[in-house]
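Analysis of the macromolecular model
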Amino acid sequence: MVYQLQYLLVLGWFQGNTPAIDDYGPETYEGICQFLISRYTDRKDHMPIWELCGYDNFCMLGYHSASVIWDAISKGVPGIDPEKAFAAMKDASLTDKMSSSDGGGGLNDYIKLGYTPSENGASVSATLEYAYDDWCIQQLAEKLGKKDEAEVYKKRSMSFLNTFNKENNHFWPRQKDGKFLADFPLNDWKKLQPHWVSGNIWAYDFFVPHQIDEMMNLYGGKKGFEEKLDKTFTEALHMEGEQHVDISGFIGSLGFGDEPGHHVPYLYNYAGSPYKTQKMVKYIRDNMYAAKPDGIVNNEDCGQMSAWYIFSSLGFYPVTPGKPVYAIGAPQFPKASLKLENGKTFTVVADKISDKNIYVQKMFLNGKEYKSWELNHSDIMNGGELRFVMGSKPIK
């Protein structure tokens with residue numbers, strides 16, 4: 001079950017398409033990774049940006065197949081040859097592609113300059129997504145003892161720093177000559193869309209899942225980061241022009257219906273205010289999902305919308321695919337059990353849960369008080385019980 005959800009989640013980042021699968025376990029997850037790797041090893045091609053009916057239609061950005069593969073390896077999915085995986089991932093990170101939806105990927109400029117220049121389409125989104133994928137490749141290089149290549153990809157994974165504009169507190173389009181574009185109104189979709197996928201600057205301002213501490217430092221540390229989150233979730237937009245179809249489900253400025261922002265509610269944990277994550281997660285579950293034909297605020301995008309809901313109903317969520325940990329949120333049900341592929345069962349219990357008791361007071365893992373706001377993947381796969389004690393007052 002956990003692998004099933006994780007696969008759906010990572011596909012939301014990967015933005016890919018696969019055949020229908022009824023039972024996602026480690027074997028299926030391995031099969032998906034083998035399929036991606038075989039594009040390089042057997043077909044002598046490159047791993048896809050967006051696979052559809054056996055072809056890469058080059059839609060969207062990045063090389064998120066690297067994320068899918070590294071996440072599987074990091075969680076111990078057996079059967080994946082790490083050397084072949086690394087070769088395929090490295091090839092993808094060196095192959096510039098023309099996106100059918102967003103123009104030139106700017107990968108060669110990204111490698112040369114340390115950022116994707118604004119002369120390329122969706123340059124801010126591209127830089128941030130490349131940097132995350134490069135972190136995934138760095139992790140596998142380190143695991144394989146490839147020190148020189150690990151250093152290369154470590155440097156590339158920090159490229160988000162090169163597109164941060166300290167003057168306006170945003171990740172911002174930067175030209176080939178090194179100068180940032182002049183400020184422009186953020187309430188005009190036509191101004192935003194050339195530089196961000198779907199125009200969602202408010203999601204991409206938080207799209208550094210692999211270096212959350214470094215991202216917080218850019219916004220002035222934990223306090224400044226929390227204030228940035230507060231402003232994003234409360235400041236309403238007054239947009240001009242035609243709104244992009246993918247931007248929906250607004251909470252303040254953040255469009256929850258566009259998946260690059262799905263991790264944002266959980267970032268309060270890292271700022272030291274997990275009670276705000278708990279409140280926001282419940283708000284989204286109650287207002288962005290319903291049991292009716294139009295019961296989600298956007299399309300499924302390969303299962304990501306549902307994967308977020310299921311994870312968030314259980315009480316935890318993988319903010320960074322590729323790190324075998326989950327950020328703690330808030331459970332929805334008094335009791336839920338996961339029947340794991342290894343034959344064990346992991347049960348989540350929420351004592352005193354109600355519409356008013358939405359805040360986590362204490363947690364117990366297998367009977368022992370648990371004080372971390374991250375849950376290890378191994379704790380789930382070992383089976384056992386995570387018990388939440390809920391209450392009506394936030395624990396600050």
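Definitions and limits used
In this convention, every chain numbers its residues from 1, walking through the sequence in written order. Where local features are concerned, this predicted model is filtered to residues with pLDDT of at least 70; where side-chain atom pairs are given and counted, the filter is 80 or more; whole-chain, interface and lining totals use all residues. For side-chain calculations, the full set of non-hydrogen atoms in the structure is used, while hydrogens and water are omitted. We call two strands paired when DSSP finds no fewer than two bridges between them. Numbering of helices and strands runs from the N terminus, with a helix taken as a DSSP run of H or I at least four residues long and a strand as a DSSP run of E at least two residues long. Helix span, as expected, comes to 1.5 Å for every residue beyond the first. Each aromatic pair joins two rings of Phe, Tyr and Trp (for Trp, the six-membered one) with centres within 6.5 Å, and gets the label stacked for planes under 30 degrees apart, edge-to-face for over 60, and tilted for any other angle. Accessible area is worked out with a 1.4 Å probe on protein chains only. A residue is then buried under 20% of its type maximum, exposed over 50%, and partly exposed in between. For a Lys NZ or an Arg CZ to count as sitting over a ring, it must be within 6 Å of the ring centre and within 35 degrees of the ring normal. As a per-residue measure, pLDDT tells how confident the predictor is, with possible values from 0 to 100. Contacts are assigned to residue pairs with any non-hydrogen atoms lying within 4.5 Å of each other. Only four residue types enter the charge count, namely Lys and Arg as positive and Asp and Glu as negative; His and the chain termini do not. What counts as a salt bridge is simple: a side-chain nitrogen of Lys or Arg found within 4 Å of a carboxyl oxygen of Asp or Glu. Here, nonpolar core refers to any group of buried Ala, Val, Leu, Ile, Met, Phe, Trp, Tyr and Cys residues whose side-chain atoms link them within 4.5 Å. In protein, a polar contact means a hydrogen-donor-capable atom and an acceptor-capable atom, both N or O and within 3.5 Å, with residues adjacent in sequence counting only if both atoms are side-chain atoms; elsewhere, any N or O pair within 3.5 Å suffices.

**Concerning the sheet that holds strand β16 (residues 384–391)**
Overall, mixed pairing links the 5 strands, which are arranged β11-β12-β16-β13-β14 in an open sheet. Of all the strands in the sheet, the pair left with one neighbour each is β11 (335–339) and β14 (368–369). By the bridge criterion, 6 bridges tie strand β12 (residues 345–351) to β16 in an arrangement that is parallel. Its bridge partner lying in β16, V349 is registered against R387.

**A word on helix α6 (residues 123–143)**
A rise of 1.5 Å per residue sets the reference length of α6, with its 21 residues, at 30 Å; its end C-alpha atoms lie 30 Å apart and thus fit the reference within 8%. Residue G145 follows α6 closely and has a positive phi angle near 75°.

**Here we look at the packing of aromatic side chains**
Where two aromatic rings form a pair, the distance of their centres and the angle of their planes describe that pair. For the structure shown, the criterion picks out 25 aromatic pairs. Here Y266 and Y317 contribute two aromatic rings whose centre-to-centre distance is 4.9 Å and whose plane-to-plane angle is 15°, an arrangement assigned as stacked. Of this pair, Y266 sits in the loop between β8 (254–255) and α12 (274–288) while Y317 is found in strand β9 (residues 316–317), placing the two residues 51 residues apart along the sequence. Taken together, a centroid distance of 6.1 Å and an interplanar angle of 85° make the contact between F311 and Y317 edge-to-face. For Y317, a relative accessible area of 1% puts it in the buried group. In this structure an aromatic cluster arises from ring pairing among F256, Y266, Y289, W308, Y309, F311, F316, Y317 and Y326. When the ring centre of F180 is taken as origin, the NZ or CZ atom of R174, which lies over that ring, is 5.4 Å away.

**Examining unusual backbone geometry**
It is generally the case that most residues other than glycine have a negative phi and that most peptide bonds are trans. Within the chain, N169 stands out as a residue other than glycine whose phi angle is a positive 65°. As for its position among the elements, N169 is in the loop between β5 (164–165) and β6 (170–171). One non-glycine residue, N366, adopts positive backbone phi at about 55°. Note that N366 resides in the loop between β13 (359–365) and β14.

**Focus: the confidence of the model for the protein**
Taken residue by residue, the protein gives an average pLDDT of 90. The fraction at 70 or more is 91%. Within the model, the stretch residues 1–5 combines pLDDT values under 50 with 24 contacts to residues more than four positions away or in other chains. Across residues 7–23 the pLDDT falls below 50, and counting only partners more than four positions away or on other chains, this stretch makes 53 contacts in the model.

**Notes on the pairing of β16**
Every other side chain in a regular strand lies on the same face of the sheet, so the side chains alternate between the two faces. Summarising the sheet, β13 and β16 pair through 6 bridges and their orientation is antiparallel. Counted as the bridge partner of K362 is V389 from β16.

**Digging into the side chain of R285**
Along the chain, the position of R285 falls in helix α12. It is D286 that comes nearest to the buried, bridge-free R285 among opposite-charge side chains, at 5.2 Å. Among residues more than four places away in sequence, those in contact with R285 are W308, Y309, S312, S313, A330, P331 and Q332.

**Points about helix α3 (residues 65–74)**
Within α3, 10 of the 10 residues are buried, which leaves it mostly tucked inside the rest of the structure. Taken together, the buried positions of α3 are S65, A66, S67, V68, I69, W70, D71, A72, I73 and S74. Residue G76 follows α3 closely and has a positive phi angle near 80°.

**Quick look at the sheet that holds strand β10 (residues 325–328)**
The strand order across the open sheet built from 3 strands is β9-β10-β15, with neighbouring strands paired in antiparallel fashion. Each having just a single partner strand, β9 and β15 (374–376) make up the two edges of the open sheet. Note: β9 against β10, 2 bridges, orientation antiparallel. Bridge pairing in β10 places F316 opposite I328.

**Some details on the side chain of D258**
Note on placement: D258 falls in the loop between β8 and α12. Setting aside residues no more than four positions away along its own chain, D258 makes contact with V197, S198, N200, D246 and I247.

**Some thoughts on the nonpolar core**
In terms of nonpolar packing, the biggest core is built from 106 residues, with L267, F316 and F346 touching the most fellow members. Ranked by residues supplied to this core, first place goes to α6 with 11 residues. Setting aside residues no more than four positions away along its own chain, F316 makes contact with F311, Y326, A327, I328, G329, L338, F346, V348, L375 and I380.

**Examining the pattern of salt bridges**
Going through the model one piece at a time under the given rule, you end up with 13 salt bridges. For the salt bridge of R39 with D45, the shortest nitrogen-to-oxygen distance reads 3.3 Å. Take R39: its relative accessible area is 5%, and that puts it in the buried class. By relative accessible area, which is 25% here, D45 ends up partly exposed. Of the charged contacts, one joins E83 and K146 as a salt bridge, the two residues approaching to 3.2 Å between their closest N and O atoms. Of this pair, E83 sits in helix α4 (residues 82–93) while K146 sits in the loop between α6 and α7 (147–157), and the two are 63 residues apart along the sequence. In the salt-bridge network here, residues are joined through shared partners; they are E226, D230 and K276.

**Topic: the pairing of β10**
Judged from the 3 bridges that link them, β10 and β15 form a sheet pairing that is antiparallel. Note that in β15 the partner of V325 across the bridge is N376.

**Notes on the environment of T41**
For T41, the position within the fold is in helix α2 (residues 26–41). Along the backbone, T41 and A87 are 46 residues apart, and their C-alpha atoms lie at a distance of 8.6 Å. Here the side chain of T41 touches D42 through a polar contact of 3.4 Å, side chain to side chain.

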